[in-house]
Amino acid sequence: MNTVAILVAAYNAAATLPRCLDSLCSQTLHDIQIICIDDCSTDSTYSLLCQRASADPRITVLQTDVNSGHAVARNLGLRVADAEFACMLDADDWMSADCLEKAVSVFRAHKETDTVVLRLIKYYEDEQREEDYGLPAELLDGAAIDGMKAFRLCMDAWHLHGLYVTRLELLRRIPYDATTRLYSDDNTTRLHYLHSREVRACDGIYYYSRHPEAATILFHYGRFDFMEALFTLKVALRKEHIPADVMSAFEGERWYNYLACYRLYLTHKTELTAGQQSELKERFSTMLHTFRPSALKRRYRWKPGYWLTLSLPLFDMQQRAYLLFRPQR
């Protein structure tokens, strides 16, 4: 059995994969399993992965049947993972050479720790600039927090980010949520934290590439998956023992993101086809009816531009007025 399995989902990533794989193959922790999953790329990603696998036996290459998104690809890799711990690494990101060794050292020193958070450095490709994401004060100086505290911190606008190494058993128990093509895998992060006995941090660095073409930056139809992804998380949380104040805060966050999605729709409506517009109206209407006024704090129910109405035409008028008098920056 290996010590750490790393899941690398790749789609048309030939330009960035060499940097990503170099960072894994040069890890100071040698006993690792590098599982690369090509998600039906149309460039040379697959052939590049096969070349690297022939040079390093620690690399395993898989391929999805159809292009399905990162969550599906990672779950495919999870089937062949054979390690004590596991993590993911996006194909345009990379790790410091001692990243995995530092994470494992925390696990070895603290047997109750189920998840070790990495130090996150954002790297802005166009500016060649680094920015430290930072960690909550609760995790500094080697301190531990319980799963509920970690869950609260990541639910609070990602005060605790979602890049970490966890026990493979926990990842197998809670695999990546593939409900939607984008964003639903964030739900997995939150549930991993929630189900961890202890969460600690280490100094191993995850370099998170930020570039203008990133899927989370550019406008595209998949951005609207966010509202369904959060609803999926709501359904999952109903099965957990979540304090009422946390669920209330989550509903507020979910409502705020629903508003953001609708305003994104109004801003970019002319870029969508008639079919996409029709489908989105149905999706917005369905999601609107998943909210209850009593579950939202007063400021969400009555603040202009935030007023909750279960009538989509009335809601549409409200949002148009909001954008008219308070344009997005």
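Use the structure listed above.
Residues numbered from 1 in each chain as written. Predicted model: local features only at pLDDT ≥ 70, side-chain atom pairs only at ≥ 80, totals over all residues. Heavy atoms only, no water.

Considerations on the pattern of salt bridges
Then, in step 1: This model, assessed by the stated rule, comprises 23 salt bridges.
Then, in step 2: Between D90 and R74 there is a salt bridge; the shortest N-O distance is 2.8 Å. Within this pair, whereas D90 is found in the loop between β4 (83-88) and β5 (94-95), its partner R74 is found in helix α3 (residues 70-78), the two being separated by 16 residues in sequence.
Then, in step 3: On the accessibility criterion, D90 (17% relative accessible area) is buried.
Then, in step 4: For R74, a relative accessible area of 3% translates into the label buried.
Then, in step 5: Notably, a salt bridge pairs R74 with D185, separated by 2.8 Å at the nearest N-O pair. Taken together, the residues span a long stretch of sequence, with R74 in helix α3 and D185 in helix α7 (residues 185-194) at a distance of 111 residues. As far as burial versus exposure is concerned, R74 and D185 are alike and both buried. (Salt bridge = Lys/Arg side-chain N within 4 Å of Asp/Glu carboxyl O. Helix = DSSP H or I, 4+ residues; strand = E, 2+ residues; numbered from the N terminus. Buried < 20%, exposed > 50% of the residue type's maximum accessible area, 1.4 Å probe, protein only.)

Focus: the packing of aromatic side chains
Then, in step 1: Considering all chains together, one arrives at 18 aromatic pairs under this definition.
Then, in step 2: Members of the aromatic cluster, connected to one another through ring pairs, are Y221, F224, W255, Y258, Y262, Y265, F284, F291 and F315.
Then, in step 3: The ring of Y124 carries R129 above its face, with NZ or CZ at 4.3 Å from the centroid.
Then, in step 4: Here the basic side chain of R263 rests over the ring of Y322, its NZ or CZ set 3.6 Å away from the ring centre. (Phe/Tyr/Trp six-rings, centres within 6.5 Å; stacked < 30°, edge-to-face > 60°. Lys NZ or Arg CZ within 6 Å of the ring centre and 35° of its normal.)

Structural notes on the pairing of strand β6 (residues 113-124)
Then, in step 1: Most of β6 is tucked away: eleven of the twelve residues are buried.
Then, in step 2: Alignment of β6 against strand β9 (residues 198-210), held across ten bridges, turns out to be parallel. Each residue of the ladder has a partner; that of T115, found in β9, is V199.
Then, in step 3: Bridging between β6 and strand β8 (residues 164-167) involves three bridges; their strand directions are antiparallel. (Pairing = 2+ DSSP bridges.)

Regarding a nonpolar patch on the surface
Then, in step 1: A contiguous nonpolar patch, built from W302, W307, L314 and M317 and spanning about 460 Å² of accessible area, is present on the exposed surface.
Then, in step 2: Secondary-structure assignment places M317 in helix α12 (residues 312-325). (Patch = residues over 30% accessible without salt bridge, like charges linked within 9 Å, V, L, I, M, F, W, Y side chains within 5 Å. Areas by Shrake-Rupley, 256 points an atom, 1.4 Å probe, with all protein chains shown as cover.)

Some words on the packing of helix α8 (residues 225-237) against helix α10 (residues 274-288)
Then, in step 1: Where α8 contacts α10, the two axes come as close as 10 Å, and the packing angle between them is 30°. Considering their axes alone, α8 and α10 lie roughly parallel with respect to each other. α10 is crossed by α8, and the crossing has left-handed handedness. Within the contact between the two elements, α8 uses D225, M227, E228 and F231 and α10 uses R283, F284 and M287.
Then, in step 2: Of the residues assigned to the contact of α8 with α10, the class counts are four nonpolar, no polar and three charged. (Axes fitted to C-alpha atoms, helices over the stretch in contact; angles between N-to-C directions. Parallel < 35°, antiparallel > 145°, perpendicular 65-115°, else oblique. Left-handed = near helix turned anticlockwise from the far one by under 90°. Contact = heavy atoms within 4.5 Å. Nonpolar A, V, L, I, M, F, W, Y, C, P; charged D, E, K, R; others polar.)

Let's talk about the side chain of T309
Then, in step 1: Following the sequence through the fold, T309 ends up in the loop between α11 (298-302) and α12.
Then, in step 2: Only 3.2 Å separates the side chain of T309 from the backbone nitrogen of S311, close enough to count as a polar contact.
Then, in step 3: With residues up to four places along the chain from it excluded, the contact list for T309 reads L288, L314, F315 and Q318. (Polar contact = N/O pair within 3.5 Å; in protein donor to acceptor, adjacent residues only side chain to side chain.)

Some thoughts on the environment of S278
Then, in step 1: Tracing the chain through its elements places S278 in helix α10.
Then, in step 2: Once the C-alpha coordinates of S278 and D185 are considered, the two residues, 93 residues apart in sequence, prove to be 26 Å apart.

As for the nonpolar core
Then, in step 1: Among the nonpolar cores identified, the biggest contains 51 residues, and V4, I6, V8, L17, M95 and L100 are the most heavily contacted of them.
Then, in step 2: Among the elements that make up this core, the one with the highest residue count is strand β1 (residues 2-10) (seven residues).
Then, in step 3: Sequence-distant contacts of V8, defined by excluding residues within four places in its chain, comprise L17, C20, L24, I35, C36, I37, L89 and A91. (Core = buried A, V, L, I, M, F, W, Y, C linked by side-chain atoms within 4.5 Å.)

Such coordinate-based values are descriptive only and should not be taken to indicate function.
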